[in-house]
Structure formats: C-alpha cells, structure tokens
Amino acid sequence: YSSKDLHGIELIDSYVFNQAEYIRFNSTVGKFVGYTEHGVKNAETWNKGSELVQELGELERVCKRNAAIYYGAVLDKTGEQG
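For the protein chain, an unreviewed UniProt entry supplies the name MHC class II antigen beta and the organism Salvelinus alpinus.

Put into structure tokens, the structure is as follows:
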C-alpha cells in the first residue's frame, strides 16, 4: 500500500519450489494463479476449496490489522536522522 488510508493494500502470497514460483495468490485478482503445470492444477483445486476463503481472510486478519502498526513504526520515520 502507498498511503495511510490502506485503500490500495494488497496481499501477495507466492509458493516457490526450487527457486521457481509455481502458484501465487493476489488479493487484487482474488484467486490463486498457477505458473507451472502442477501450479495450474493446484490453483484450480484451491480456488474451489477452503484455501481461497482462508487466503481472502488473511488480508483482513493480518494485513489491515497490522498495517497501521508497521506504517507508524517504519514509514513515518523514513528520512529522520539518528
């Protein structure tokens, strides 16, 4: 996100094996996307199951809840001396 109002906050959860990303969840897209043959099959399954609901909940449960804390602790202090 790029502002304090958290309007553009986005969750990206990537799954990597052997340094290759095979599946990614992006909250803006709202679903899992596969990048390999195995990833595509998993994405189709995960988008139909409880994994999708759980991942969508992470944006509210983790990101938005903690963003104000992180913003205050890090972003508000950029450019300060000391």
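Peer 1: Break down the packing of aromatic side chains for me, with residues and values.
Peer 2: Here the structure, examined in full by the defined rule, presents three aromatic pairs. Geometrically, the ring pair formed by tyrosine 15 and tryptophan 46 is edge-to-face, given 5.3 Å between the ring centres and 65° between the ring planes. Separated by 31 residues along the polypeptide, tyrosine 15 in strand E1 (residues 12–17) and tryptophan 46 in helix H1 (residues 37–48) bring together distant segments of the chain. Consider the rings of phenylalanine 32 and tryptophan 46, whose centres lie 5.1 Å apart with planes at 75°: the pair is edge-to-face. Within this pair, whereas phenylalanine 32 is found in strand E3 (residues 31–34), its partner tryptophan 46 is found in helix H1, the two being separated by 14 residues in sequence. Comparing phenylalanine 32 with tryptophan 46 shows no difference in burial state: the two are buried. One aromatic cluster is present, formed by Tyr15, Phe25, Phe32 and Trp46 through successive ring pairs.

Peer 1: Give a detailed account of the pairing of E3, specifying residues and quantitative values.
Peer 2: Pairing geometry for strand E2 (residues 20–26) and E3, over four bridges, is antiparallel. Along E3, the bridge assignment pairs asparagine 26 with lysine 31. What sits between E2 and E3 in their antiparallel hairpin is a turn of four residues, with glycine 30 showing a positive phi close to 85°.

Peer 1: Report on the sheet that holds E2, specifying residues and quantitative values.
Peer 2: Sheet architecture is open: three strands sit in the order E1-E2-E3, paired in antiparallel fashion. Unpaired on one side and paired on the other, E1 and E3 mark the two borders of the sheet. Sheet twist, expressed as the average angle between the axes of neighbouring strands with direction ignored, equals 20°. The strands touched by H1 are E1, E2 and E3; relative to E3, the strand with the most contacts, the crossing angle is about 165°.

Thresholds, definitions, all that
- Residues numbered from 1 in each chain as written.
- Predicted model: local features only at pLDDT ≥ 70, side-chain atom pairs only at ≥ 80, totals over all residues.
- Heavy atoms only, no water.
- Phe/Tyr/Trp six-rings, centres within 6.5 Å; stacked < 30°, edge-to-face > 60°.
- Helix = DSSP H or I, 4+ residues; strand = E, 2+ residues; numbered from the N terminus.
- Buried < 20%, exposed > 50% of the residue type's maximum accessible area, 1.4 Å probe, protein only.
- Pairing = 2+ DSSP bridges.
- Axes fitted to C-alpha atoms, helices over the stretch in contact; angles between N-to-C directions.
- Contact = heavy atoms within 4.5 Å.

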